[in-house]
Structures are given as structure tokens and as C-alpha cells.
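Each chain, letter by letter, is given below.
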Amino acid sequence: LGALLSALAYTLMLIFTGFLMRSARVLNDAEVGGLSRFCGLLALPCALFASVVDLDWSSVDWTLLLGMFISKAIIFAFTALASLSRSRSPEAIARAGLFAVFTTKSNDIAFALPIVSAIFPPIFAKMVYLFVPLQLAIINPVGLMMMEYGSAAMQQQRNDERGRPAGATCRPRSPGAKLLIVFCSTLSSPVMIAVVLGLVLNLTARGRIPTAVSQFVQLAGQAYTSTALLTVGTSLSIVGKRDGVGAPIDGISALVGTSLIFVKVFVAALVMYHVCGLLTDYDTQTISFAFVYGCMPPAPTVYVWARQYGICTELTGRMLVVSLLVATPFIVITGLMIDLGATRGDLASTRGLLDAATQSIDALAICCCVWMVAQFAVSRQMRSGFRAELLPLVLCNAASSLSAVACIHSSTSRATKLPVDVVRQFSQHLAVALAGQLG
């Protein structure tokens, strides 16, 4: 659990740093675009090439790879069919493609890889590298073709409603031509070229490449994780400023967004758990990895495609932010359950894990409370109705978390930790009373 919490901590810190740098205008749009191009054109291809070129194929779990592909195909088909259940208009087809990609495309290398490396053997980290070309070459093109077809059909309808100029001709591409364009674009991307080149060198030269080239590729690939996490934070900041995340949305959009986040974080984890379990006779380590991987939040690339095709841009931006907030504690809980299973009923180890989890959650709660109080102080609106009701709740929550951390550090006996529950209950009642007085 300690390794998992450490990996999550520095991952979220890098994301938050990117968010602050973009919010404080340390990085402008051009610089953020340069970081994104560096990640997509150089760092990620080098990371994948370095992983594939020296991969020992005898250690690859092909059953797990097949299980992940089947799971992603099931989730993709379920999301697309559910989106098309009420309407099959061009706009609905484009939305179905976007939503299906949202529920299947995880942030593999930047977010998932550090977490998987922290709690699983190295071979599972290699498997994460193999999921990327699988997603790019097979699953993503289907969703992109749906988005391409839907956006082109909508544009054609708009042109027909406006009326074509005299003598103008417009021959829409056939679905086969659109699919060919999407596949050619995918196969010619730097990521796929790097994977194919690494595979060829692995099979022909057994991974033996010049030392200078190997060091360059490894160095460039190592820069991907930190740079990509910074760009995730900057993208979250851009989402909030461009699409008005603070503005209210209608009930249907909120229901759709909540359902998609539920599918991405919870349903995907269960599907991968059972599909991989059926294929591997429920091997403990394999199904644990499948479940943790299924909890990973989606990649920011989904938001880029939403803006590119003009499909549910605001909703997609909000879903990216909320899914990251929902997936993080769920991953921590999953890691705790894995460690509890490894204790095999040892009471002392179980207590230690529960204390560590409680301490981590309370420390995070204290940081969030300090951040909210600082936001209230900077905004100079402490006396407004909503903030006057919320401030006592924040302060009392911080007090209860501090008492829990103090009790855990003071002694290991259960008797000294019993007052924590009393403090929590008192803090809740006190907060409600203060909020009622201020309101």
C-alpha cells in the first residue's frame, strides 16, 4: 500500500503542478502544444520502442492480452449500443463513437504505468506497453470512424439546409473510404511506426541495437511520464477555462456523464476482472491486475477528439475531471483490498494496513481543507451564504482528521483510538449547528 500511495502521490502532484502552471499562465497555449507534440511525436514512441525492442516474448501472458482485448471490445460495444438505443441519427453515431472510446481508452503510460509498477511484478508493466498499440490499431479506429461518419453527415445536412451554390458539387466519401483514411492515419502515426520497428528489430536482431541509439531512446522515453502528467494538468485547466466547467448543465447531460464515468471506473474493472478470470482460472495476481487496470481514468486524448469533431466538448471535459477524482480513491481502496488479501488473516498486519489507509485519507482530507480555506480567504467572500455554511463543515472535518492522525501516532492500542469516533460525531454536530447559526 505504501508503494501505491507513493506512486499516486507523485502522479497527482505532477498533474496538479501542470494545472497550477497553466492557471498561473506560466505556460501558454503554444508551450502546452509544444509539450503535447513532444510527448506524441518523440517521447511516447521512444518509450514504446524501448519496451518492445528488448521484450522477452516467452514471458508475455497472451491469455491476459486476449482477455483485455475481449474486455475492451465488450465495453466498447455495450457503450456504443446503449448510446444508439434511442436514436441512430448522425449526431447519435458520432456521440456513440466518442463515448465508446471514452470508456475504453485509459491513460496507460502516464497514469497507469507508475501505479502498476508500484504494486505488480515488472512483466505487468510490459503488458501495459502492449495494450497501447492494441488500443490504437483496433479499438480507436472504430470509434474514430463513427465520429468521422457522424460529423461528416451532420455537415452534409447543414449544407443541404443552407442550399448549395449553383454548379457546386459535393461527393461525400463512402464509409469504406473513411475507414481506410482512419486506418492509414493510425498506421502512419509515430506510435505505430515505433511499435512496428521495435517488433521487427526484436524478431530479426534480437533487440541488439547500437548503444548510442539505445541510450537516446531510453532517455527520451523516460521523459514521457513526467511531461505527459504535466500536460494532463494543463489540459484540465484548459477544460475549466474554455468550456465553463463551473456552469450548470442539464439533467440529461449530467445523467449521461455519470453513467459513462460509472462504466469507465466500475463496470470496466468488473468486466476485465471476470473475463481475465475466466481465461486464467481466476489467477489471483492476474485478476488483481485486471481490476486495477480497469479502474484507470480515461486519457486526455478523448477531449482532443471531442474538440476536433465538435461532439459534446463541454461534457467530455467535465467527465475527464470527475473521472480522475473518482478513480483515484477507488484505486487506493483496491490496493488496500489486495494487501488485505495478502495478509491471510494476520490481525497485526491487517491493523497496520487499516491504520496506514486511515492516516493517508485523513492527511489528504487535511490538505483539501487547507486548500478550500485558502480559496475562501483569497476570494474575500467568507460571509457569503454558501461559504458561511460550508466553512464550519470544512474546519470541523479538518479537526476530526487531525484527531485521527494524532491518535494513530500517539499509540498503537485500540483504546486510544476509540475517541476518534467521538470526535468525528462531535465535529459533525458542531458543524451543522454553526452552519445553522451562520445561515
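Here we summarise the structure given alongside this text. (Residues numbered from 1 in each chain as written. Predicted model: local features only at pLDDT ≥ 70, side-chain atom pairs only at ≥ 80, totals over all residues. Heavy atoms only, no water.)

Let's shift gears to the side chain of aspartate 108. Structurally, the position occupied by aspartate 108 is in helix 5 (residues 108-119). The buried charged residue aspartate 108 lacks any salt bridge partner; its closest oppositely charged side chain belongs to lysine 72, at an N-O distance of 5.3 Å. Setting aside its immediate chain neighbours within four residues, aspartate 108 contacts Leu113, Val128, Phe131, Val132 and Tyr293. (Helix = DSSP H or I, 4+ residues; strand = E, 2+ residues; numbered from the N terminus. Buried < 20%, exposed > 50% of the residue type's maximum accessible area, 1.4 Å probe, protein only. Lys, Arg positive; Asp, Glu negative; His and termini not counted. Salt bridge = Lys/Arg side-chain N within 4 Å of Asp/Glu carboxyl O. Contact = heavy atoms within 4.5 Å.)

Counting residues in hydrophobic clusters, the biggest one holds 89 residues, and the most contacted among them are Met68, Ile109 and Phe289. In terms of residue count, helix 6 (residues 122-162) provides more of this core than any other element does, 15 residues in total. Those residues in contact with phenylalanine 289 that sit more than four places away from it in its chain are Leu64, Met68, Val116, Phe120, Phe124, Val128 and Phe131. Of all hydrophobic cores here, the second largest spans 7 residues; its members include Cys46, Phe49, Ala194 and Val217. (Core = buried A, V, L, I, M, F, W, Y, C linked by side-chain atoms within 4.5 Å.)

Once that is clear, we can look at the pattern of salt bridges. Throughout the structure, instances matching the rule amount to 4 salt bridges. Between arginine 95 and glutamate 91 there is a salt bridge, with its nearest N and O atoms 3.3 Å apart. In this pair, arginine 95 and glutamate 91 are both assigned in helix 4 (residues 90-104), 4 residues apart and thus about one turn of the helix distant. Its relative accessible area of 27% is what places arginine 95 among the partly exposed residues. Judged by relative accessible area, which is 43%, glutamate 91 ranks as partly exposed. The shortest N-O distance in the salt bridge between arginine 318 and glutamate 314 comes to 2.4 Å. Of this pair, arginine 318 and glutamate 314 both sit in helix 13 (residues 313-343), 4 residues apart, which is roughly one turn of that helix. With a relative accessible area of 10%, arginine 318 lands in the buried category. Overall, the relative accessible area of 31% leaves glutamate 314 in the partly exposed class.

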